Amino acid sequence: MNKETLQGFATRVTQANRSELVVVIYEVALASIAEGKSALEAGALPEARHEIERAKGMINELMYALDMHYNISTYLRQLYIFGYRELCQGIAYRDPERFDHTTHILEGLLKSFREIAKQDDGKPLMSNTQTIVAGLTYGPGSDLRETIGVGIDPNRGFKA
């Protein structure tokens, strides 16, 4: 995954509440699986492994975040375990088609979590982050330029 894509996900994490964070984790996992599959099909095994490891890490985060006091968590955990196993076997057998099973599961669940995130009006989890302002400005010669301003604050991030 390129640096700009990762930076975009990181920015979204700083602005996300609990439900939106789950959506971002799903999206990172799906993007990593797609990149890993493309790399494996192109014969770039180290790159494929790196991306699939990132996707497995995201699935682990989803598993660790489950509240097992609810019955649905048991079913979600089983789906995550199956998806994780398919990623492992896809790399081990160099079979990119196995990644499709995990993609199918995560895409289905992502739709549901997006709906939940729309209804969640909670505050962002990170309260002391940089302010990011983006817009378009006119430069010399009337050419349009994209501008991104990031407020630099030495006390940004999580408060201890």
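Check the entry above for the structure.
Residues numbered from 1 in each chain as written. Predicted model: local features only at pLDDT ≥ 70, side-chain atom pairs only at ≥ 80, totals over all residues. Heavy atoms only, no water.

**Let's talk about the overall build of the protein chain**
Next up, step 1: Looking only at helices and strands, the protein chain has five helices and two strands in total.
Next up, step 2: Each helix and strand of the protein chain, placed in order from N terminus to C terminus, yields the pattern α-α-α-α-α-β-β.
Next up, step 3: Within the protein chain, buried positions represent 33% of all 160 residues.
Next up, step 4: Restricting the contact set of the protein chain to residue pairs at least 6 apart, pairs at least 24 apart contribute 59%. (Helix = DSSP H or I, 4+ residues; strand = E, 2+ residues; numbered from the N terminus. Buried < 20%, exposed > 50% of the residue type's maximum accessible area, 1.4 Å probe, protein only. Contact = heavy atoms within 4.5 Å.)

**Let's talk about helix α5 (residues 99–119)**
Next up, step 1: With 21 residues, α5 extends 31 Å between its outermost C-alpha atoms, agreeing within 8% with the 30 Å of an ideal straight helix rising 1.5 Å per residue.
Next up, step 2: Of the positions making up α5, those classed as buried are Phe-99, Thr-102, Thr-103, Ile-105, Leu-106, Leu-109, Leu-110, Phe-113 and Ala-117.
Next up, step 3: On its buried face, α5 sits against α2 (18–41), α3 (45–64) and α4 (71–92). (Expected span 1.5 Å × (residues − 1).)

**As for the packing of aromatic side chains**
Centre-to-centre distance and the angle between the planes together describe a pair of aromatic rings.
Next up, step 1: Counted by the stated rule, this structure contains two aromatic pairs.
Next up, step 2: When the ring of Tyr-26 is compared with that of Tyr-80, the centres are 6.4 Å apart and the planes differ by 55°; the resulting orientation is tilted. Of this pair, Tyr-26 sits in helix α2 while Tyr-80 sits in helix α4, and the two are 54 residues apart along the sequence.
Next up, step 3: Accessibility expressed as a relative area gives 0% for Tyr-26, which makes it buried.
Next up, step 4: Judged by relative accessible area, Tyr-80 falls into the buried class, the value being 3%. (Phe/Tyr/Trp six-rings, centres within 6.5 Å; stacked < 30°, edge-to-face > 60°.)

**Observations concerning α3**
Next up, step 1: Here α3 spans 28 Å end to end across 20 residues, near enough to the 28 Å set by a 1.5 Å rise per residue.
Next up, step 2: Where α3 is concerned, the buried positions are Leu-45, Ala-48, Glu-51, Ile-52, Arg-54, Ala-55, Lys-56, Ile-59, Leu-62 and Met-63.
Next up, step 3: Buried-residue contacts for α3 involve α1 (3–15), α2, α4 and α5.

**A short note on the pattern of salt bridges**
Next up, step 1: Taken as a whole, this structure holds seven salt bridges when the rule is applied.
Next up, step 2: The partner of Lys-37 in a salt bridge is Asp-100, with the nearest N and O atoms 2.7 Å apart. Taken together, the residues Lys-37 in helix α2 and Asp-100 in helix α5 connect sequence positions 63 residues apart.
Next up, step 3: Looking at Lys-37, the relative accessible area reads 18%, which means it is buried.
Next up, step 4: Residue classification places Asp-100 among the partly exposed positions, given a relative accessible area of 29%.
Next up, step 5: Residues Glu-86 and Arg-98 are paired through a salt bridge, measuring 3.2 Å at the closest nitrogen-oxygen approach. Of this pair, Glu-86 sits in helix α4 while Arg-98 sits in the loop between α4 and α5, and the two are twelve residues apart along the sequence. (Salt bridge = Lys/Arg side-chain N within 4 Å of Asp/Glu carboxyl O.)

**What about the packing of α1 against α2?**
Next up, step 1: Where α1 meets α2, the axes come as close as 9 Å, and the angle between the chain directions of the two elements is 165°. The pairing of α1 with α2 is recorded here as roughly antiparallel in orientation. Here α1 runs over α2; the crossing is left-handed. Residues Phe-9, Arg-12, Val-13 and Gln-15 of α1 lie in contact with α2, whose contacting residues are Glu-20, Leu-21, Val-23, Val-24, Glu-27, Val-28 and Ala-31.
Next up, step 2: In the contact of α1 with α2, the residues fall into seven nonpolar, one polar and three charged. (Axes fitted to C-alpha atoms, helices over the stretch in contact; angles between N-to-C directions. Parallel < 35°, antiparallel > 145°, perpendicular 65-115°, else oblique. Left-handed = near helix turned anticlockwise from the far one by under 90°. Nonpolar A, V, L, I, M, F, W, Y, C, P; charged D, E, K, R; others polar.)

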